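Residues per chain, in single letters:
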Amino acid sequence: MILDNTSPAIKHLCTVDKRLGKVISMVGSISYIPHEDGFAFLAHEIIEQMLSIKAGKCIYNRLVNLCNGTITPEAISRLSRDEIKSVGMSNAKADYIQNLTNAVLNNDLILSNFDELSDECITSKLVKLRGIGNWTAKMYLIFVLDRPDVLPYEDGAFLQSYRWLYKTEDCTPSSVLQKCKKWKPYSSTAARYLYRALDMGLTKTTFHLYK
């Protein structure tokens, strides 16, 4: 997928939000490929909760090695709880990953059917599992299913860029929803640009609209 000046989402966002439009011009075009393996993505997000990206990646890679190169429900099911914990996970996270694995293997959670479901229905199914909340569900919607209108106001990285963009410390859900409602129906694209601005180090300097 490529986002550039010809994309309907970019045209809309630049029209309705001058500040975001400036960020889009600073970042330039974005190309991305949605994650294809939903199960491995969920395992990664469970691992990374409350951890730095570096620490989460390290633990995830150890689990990949423990699964002989690919994290699948079948590979996880062959591991004991202690083996899962041995990569550096807490008791709770090991339990969460085992619960996710069992739900998929028992067909209580059929990830392949998600393409046919609404964002709300998918979120409802995911948050029924211990260890998966609205944040994880929204990350799945954006980065696996490429849903266009997801606003991840629970996410720390998103809020860091949001504060920089709008020069505000008010990050309550109601305030963010009100400020960003003009992004609809392309909230996910806006979020991608704020994530990319953070990754590029743009948020380290003060945002200026006309400079």
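Quantities reported herein were computed from a predicted structural model and do not represent experimental measurements.

*Asks:* What should I look at first to understand the side chain of Arg192 in this one?
*Replies:* Relative to the assigned elements, Arg192 resides in helix H12 (residues 187-199). Polar contacts involving the side chain of Arg192 include one to the main-chain carbonyl oxygen of Ile142, which spans 3.1 Å. Beyond its immediate chain neighbours, meaning those up to four positions away, Arg192 contacts Leu3, Ile30, Tyr32, Ile142, Phe143 and Asp146.

*Asks:* Looking at this structure, how should I read the environment of Ser90?
*Replies:* If you trace the backbone, Ser90 turns up in the loop between helix H6 (81-85) and helix H7 (91-105). By relative accessible area, which is 36% here, Ser90 ends up partly exposed. Here the alpha-carbon distance between Ser90 and Ile47, two residues 43 residues apart in the chain, equals 9.0 Å.

*Asks:* Explain the packing of aromatic side chains to me, please; I cannot follow it from the model alone.
*Replies:* What describes a pair of aromatic rings is the distance from one ring centre to the other and the angle between the planes of the rings. Evaluation of the coordinates by the stated rule reveals seven aromatic pairs. Both rings, one in Phe143 and one in Tyr195, keep their centres 5.8 Å apart while their planes meet at 45°; by these two values the pair is tilted. You can see Phe143 sitting in helix H9 (residues 134-143) and its partner Tyr195 sitting in helix H12, a full 52 residues away along the chain. Taken together, a centroid distance of 5.2 Å and an interplanar angle of 80° make the contact between Trp164 and Phe207 edge-to-face. Here Trp164, found in helix H10 (residues 156-166), pairs with Phe207, found in the segment after H12; they are 43 residues apart in sequence, far enough to count as distant. For the cation-ring pair, Lys22 lies above Phe207, with the distance from its terminal atom to the ring centre recorded as 5.8 Å. Lying across the ring of Tyr32, Arg192 places its NZ or CZ 3.6 Å from the centre.

*Asks:* Could you clarify how one ought to interpret the packing of helix H3 (residues 38-48) against helix H4 (residues 53-66) in this entry?
*Replies:* What describes two packed helices is the angle between their axes and the distance between those same axes. The geometry of H3 relative to H4 is characterised by a closest axis approach of 9 Å and an angle of 130° between their N-to-C directions. In this view, H3 runs oblique relative to H4, as classed from their interaxial angle. Here the hand of the crossing between H3 and H4 comes out right-handed. Mapping the contact onto sequence places Ala40, His44, Ile47 and Glu48 in H3 and Ile53, Gly56, Ile59, Tyr60 and Leu63 in H4. Its residues placed into classes, the contact of H3 with H4 shows six nonpolar, two polar and one charged.

Parameters at a glance
- Residues numbered from 1 in each chain as written.
- Predicted model: local features only at pLDDT ≥ 70, side-chain atom pairs only at ≥ 80, totals over all residues.
- Heavy atoms only, no water.
- Helix = DSSP H or I, 4+ residues; strand = E, 2+ residues; numbered from the N terminus.
- Polar contact = N/O pair within 3.5 Å; in protein donor to acceptor, adjacent residues only side chain to side chain.
- Contact = heavy atoms within 4.5 Å.
- Buried < 20%, exposed > 50% of the residue type's maximum accessible area, 1.4 Å probe, protein only.
- Phe/Tyr/Trp six-rings, centres within 6.5 Å; stacked < 30°, edge-to-face > 60°.
- Lys NZ or Arg CZ within 6 Å of the ring centre and 35° of its normal.
- Axes fitted to C-alpha atoms, helices over the stretch in contact; angles between N-to-C directions.
- Parallel < 35°, antiparallel > 145°, perpendicular 65-115°, else oblique.
- Left-handed = near helix turned anticlockwise from the far one by under 90°.
- Nonpolar A, V, L, I, M, F, W, Y, C, P; charged D, E, K, R; others polar.

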